[in-house]
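What follows is each chain in one-letter form.
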Amino acid sequence: MWTIRPAGRGLEMPQSMVRKPSKRRSAADQDKIIVEALRDVGRPLSAYELIEKVRVKGVSAPPTVYRALQRLIDDGLAHRLESLNSFVACEHPHHQGKAVFAICDACGTVKEFDSPAAVKSLQSWAGKNDFKVRSMTMELRGRCAACVSGGVD
């Protein structure tokens, strides 16, 4: 209920309607927290593993994390590894949506690298077949040099 202030100073808003300061972080702040967590860990993380890493910084709702991850992917700052259902920070932001990864099945190491020749070949195929490429992520699965030399299967 509104109350009238003394001496004609207008109406006073009830306390129940007074807006409390928001504790929400901006989308840019959320994105920064998430990309830093991905970089700090240095390995692929599922969305729920990522939530556990950023919970202490106040980001804990799955939809918030998924929206931030999508923004980071759209901006070329993160990638989704389809075969692992996980996310990594981009190590080569200049390739704009065209990423190549070598994933070790033995130790889980993931290396991001550029392969302009492979990208060009796939883009050429797409052009010849009237296929419009939205994004391109190639995943090589096998064993890394350390696991091969160490005899790890």
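Numbering of residues begins from 1 in every chain and follows the order in which that chain's sequence is written. Residue-level local features of this predicted model are given only where pLDDT is at least 70; pairs of side-chain atoms are given and counted only at 80 or more, and the full residue set underlies all totals for whole chains, interfaces and linings. Just so you know, side-chain values use all the structure's heavy atoms and leave hydrogens and water out.

(A) Main features of the pairing of strand β6 (residues 110-113). Side-chain alternation along β6 places Val 110 and Glu 112 on a buried face and Lys 111 and Phe 113 on a face that remains uncovered. With four bridges joining them, strand β5 (residues 98-104) and β6 adopt antiparallel strand pairing. The residue bridging Ile 103 from the neighbouring strand is Val 110, located in β6. For two strands to count as paired, DSSP must find a minimum of two bridges between them. Put simply, DSSP marks the helices as runs of H or I at least four residues long and the strands as runs of E at least two long, and each gets a number from the N terminus on. Linking β5 back to β6 in an antiparallel pair, the connection comprises five residues, with Gly 108 at a positive phi of about 85°. Accessible area is worked out with a 1.4 Å probe on protein chains only. A residue is then buried under 20% of its type maximum, exposed over 50%, and partly exposed in between.

(B) How the structure looks around the environment of Arg 25. Position of Arg 25 among the secondary structure elements: in the loop between β2 (11-12) and α1 (27-41). The partly exposed category is assigned to Arg 25, whose relative accessible area is 38%. For Arg 25 and Val 59, which are 34 residues apart along the polypeptide, the C-alpha to C-alpha distance reads 8.3 Å. By definition in these notes, contact holds between two residues if any of their heavy atoms fall within 4.5 Å. For Arg 25, the residues in contact, after removing those within four places along its chain, are Gln 30, Ile 33, Lys 57, Gly 58 and Val 59.

(C) The arrangement of a nonpolar patch on the surface in detail. Patch membership requires over 30% relative accessible area and the absence of a salt bridge. Like charges are linked within 9 Å, and nonpolar side chains (Val, Leu, Ile, Met, Phe, Trp, Tyr) within 5 Å. Throughout, the Shrake-Rupley method with a 1.4 Å probe supplies accessible areas, and for residues the shown protein chains are the sole cover considered. For salt bridges, the criterion is a side-chain nitrogen of Lys or Arg within 4 Å of an Asp or Glu carboxyl oxygen. A contiguous nonpolar surface patch, about 330 Å² in accessible area, is contributed by Trp 125, Phe 131 and Val 133. When you line up the elements, Phe 131 lands in the loop between α4 (116-128) and β7 (136-142). Phe 131 sits in the exposed class, given a relative accessible area of 51%.

(D) Up close: the sheet that holds β7. What the three strands build is an open sheet, ordered β6-β5-β7; its pairing is mixed. In this open sheet, the two strands that pair with only one neighbour each are β6 and β7. Shown here is a sheet whose adjacent strand axes are inclined to one another by a mean of 20°, direction ignored. Looking at chain direction, β5 and β7 are connected through seven bridges and run parallel. When the bridges of β7 are listed, Lys 98 appears paired with Met 136. All axes here are fitted lines through C-alpha atoms, helices being fitted over the stretch that makes contact, and every angle between N-to-C directions spans 0 to 180 degrees. Where α4 meets the sheet, its contacts fall on β5 and β7, and the angle it forms with β7 comes to roughly 125°.

(E) Molecular detail of the pattern of salt bridges. Per the stated rule, a full pass over the model turns up five salt bridges. The shortest N-O distance in the salt bridge between Asp 105 and Arg 141 comes to 2.6 Å. Linking Asp 105 in the loop between β5 and β6 with Arg 141 in strand β7, this pair joins segments that are 36 residues apart in sequence. Taking the relative accessible area as the measure of exposure, Arg 141 reaches 43% and is therefore partly exposed.

(F) Quick look at the state of the cysteines. Here, two cysteine sulfur atoms that lie within 2.5 Å of each other are counted as a disulfide. Under the criterion given, the structure shown has zero disulfides. We note that Cys 144 lacks a disulfide partner, and the nearest cysteine sulfur, in Cys 147, lies 3.6 Å from it.

(G) Geometry of the packing of aromatic side chains. Between rings of Phe, Tyr and Trp, where Trp is taken as its six-membered ring, a pair exists when centres lie within 6.5 Å; planes separated by under 30 degrees are stacked, by over 60 edge-to-face, and by other angles tilted. Inspection of the entire model under this criterion finds one aromatic pair. With a centroid separation of 6.3 Å and an interplanar angle of 50°, the aromatic rings of Trp 125 and Phe 131 are classed as tilted. For the pair Trp 125 and Phe 131, a shared accessibility class is recorded, and that class is exposed.

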